[in-house]
Amino acid sequence: MPYKYIGRTHDFKGKTLWELLGNLKNFGVGRIVARNRMERYPEPSYFKILKVETLPQPENESIDNLRKIRLLVEKTFRGKTYPEPRPLESASYKTDYKLIPKDEEADYCKAYKPQNTERILPRTMEFPPLLKELVARELKNTPSTKDDLELKIFYNRQSVKMKYRIAEEGEEPTEKFTMGLGKPVAPRLYKGINL
Amino acid sequence: MLRIINNFNFLRISATEAISYSTSSNTLPYNPALLPVKKSHRKPRWVPIAKSKIFRIPKRPVIPEDETREIRRLFNDYRNHEKSVKNFLVEKHNTKNQASLDPEEILKSFKQDLAVCHEINNKWNKENKILREKRLAEELERDIAFAKNRIEQEIIKEQELFEFTEELVRKEKEASVNFITKENIDDAIDKALAEAVDYNFAIDLNGEKIIGRNTKPVQEQDKISLKQ
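Where an unreviewed UniProt entry is consulted, chain B appears under the name Small ribosomal subunit protein mS26, with the organism given as Ceutorhynchus assimilis.

Looking at an unreviewed UniProt entry, one finds chain A named Mitochondrial ribosomal protein S34 and attributed to Ceutorhynchus assimilis.

In structure tokens form, the structure reads like this:
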């Protein structure tokens, strides 16, 4: 009789780490496992097993802690390998891992080459209509430049470091922000509407 | 319990009904803002999942990828705009950013502001002075009237007390006519000895009083013998 599961579904797909490694020679040291959750990124993410330890039976047994093991892995997240080996214990029980066969390892871990599209974002944008009017009224009698009538954009500091760059003085940005709806990613959603 | 609460919902009076009950003739037009606030029909936190819904599995939303990206873009834009405006206003109005201004100018503007404040304050003080004097005069008048009334009351009270004591003394004087004094004590003793009173008595089975300490009851046997 087939199993009939009741309850909410989850996004996990695969096995726990012990289910994968417990059957392998030398507990799979040197093998590569990957988490299904990380496959949503274009860059490869995977773990190389360096060391496996089992844990004593927990005092209060539950589904979450009964299947845990302690590992030392070489972690690669979104194509970037961490310089130090990382411990992995708390997430080892999740049924979301898959073992990469040896002949597919090289293909799976192939370095990802992102398209060279640097994002240069603008320094300033226009004011919201009411604020624009107020600022213009304030600057009416004082000498002002064109920059005074532009709102300086406040970017996330972390994102500025990692994801994009702010245009320098006189540099042309690759993207432009306006006060309105902007350029839609999916024009099909605005079908029949004059933007 | 929930069902009971919901059954009482109809008892809430809507604004239009409330207006129809009111006695005033000029009724307000229908205004949704005047309607009573509708309570949510959610179950309270402590009530468990309904039995009919224990095995209900909500369907997970499937959003197409381009739509997800569009939603994220719109939200990113909104957040960036909001933060930029906030940052602009903070930089403009923050006192730290205004510290570089000329101190003499700041002092001048401060003095101007202070002069305006003084003017407003003086005006208020003048207005208040009139009101205060009027109020104080009224209060004084009221206090004097109260005090006068109190004095009158006190005088009346004293008079009444005097009359009451006078009456007491008069009654005592009247009563003191029959008192035994040094002069008439011998007569009183003689009189008491002459008219000795015996207050003792006994009660027989029939409830009849037998007066006197030494009086003896009539014997039953004697009564019978008398009849014979």
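(A) Main features of the UniProt feature "coiled-coil region" (unreviewed entry) in chain B. UniProt records the feature "coiled-coil region" (unreviewed entry) at residues 123-157 of chain B, using the numbering of this structure. Strand forms 0% of residues 123-157 of chain B and helix 100%; the C-alpha atoms that close the span are 51 Å apart.

(B) Spatial organisation of the confidence of the model for chain B. Residue and element names in this part refer to chain B. On average, chain B scores 83 in pLDDT, and the residues at 70 or more come to 82%. Mean pLDDT values for the elements of chain B range from 47 in helix 1 (residues 2-7) up to 95 in helix 4 (residues 103-175). Ignoring residues within four places in sequence, the model shows residues 1-11, a span with pLDDT below 50, making three contacts including any to other chains.

(C) Representation of the domain arrangement of chain A. Taken domain by domain, chain A comprises domain 1 (17-108) and domain 2 (120-180). One C-alpha centre belongs to domain 1 of chain A, the other to domain 2 of chain A, and the line joining them spans 46 Å.

(D) A nonpolar patch on the surface, seen in detail. A cluster of nonpolar side chains, namely Ile6 of chain A together with Ile49, Ile54, Phe55 and Ile57 of chain B, defines an oily patch on the protein surface of about 540 Å² accessible area. Mapped onto the elements of the fold, Ile54 of chain B is located in the loop between helix 2 (15-21) and helix 3 (65-93). On the basis of relative accessible area, Ile54 of chain B is assigned to the partly exposed category, the value being 45%.

Thresholds applied
- Residues numbered from 1 in each chain as written.
- Chains lettered and ligands numbered in written order.
- Predicted model: local features only at pLDDT ≥ 70, side-chain atom pairs only at ≥ 80, totals over all residues.
- Heavy atoms only, no water.
- UniProt positions renumbered as here; feature names shortened; annotations may be inferred.
- Helix = DSSP H or I, 4+ residues; strand = E, 2+ residues; numbered from the N terminus.
- pLDDT = per-residue confidence, 0-100.
- Contact = heavy atoms within 4.5 Å.
- Domains from an automatic or database assignment.
- Patch = residues over 30% accessible without salt bridge, like charges linked within 9 Å, V, L, I, M, F, W, Y side chains within 5 Å.
- Areas by Shrake-Rupley, 256 points an atom, 1.4 Å probe, with all protein chains shown as cover.
- Salt bridge = Lys/Arg side-chain N within 4 Å of Asp/Glu carboxyl O.
- Buried < 20%, exposed > 50% of the residue type's maximum accessible area, 1.4 Å probe, protein only.

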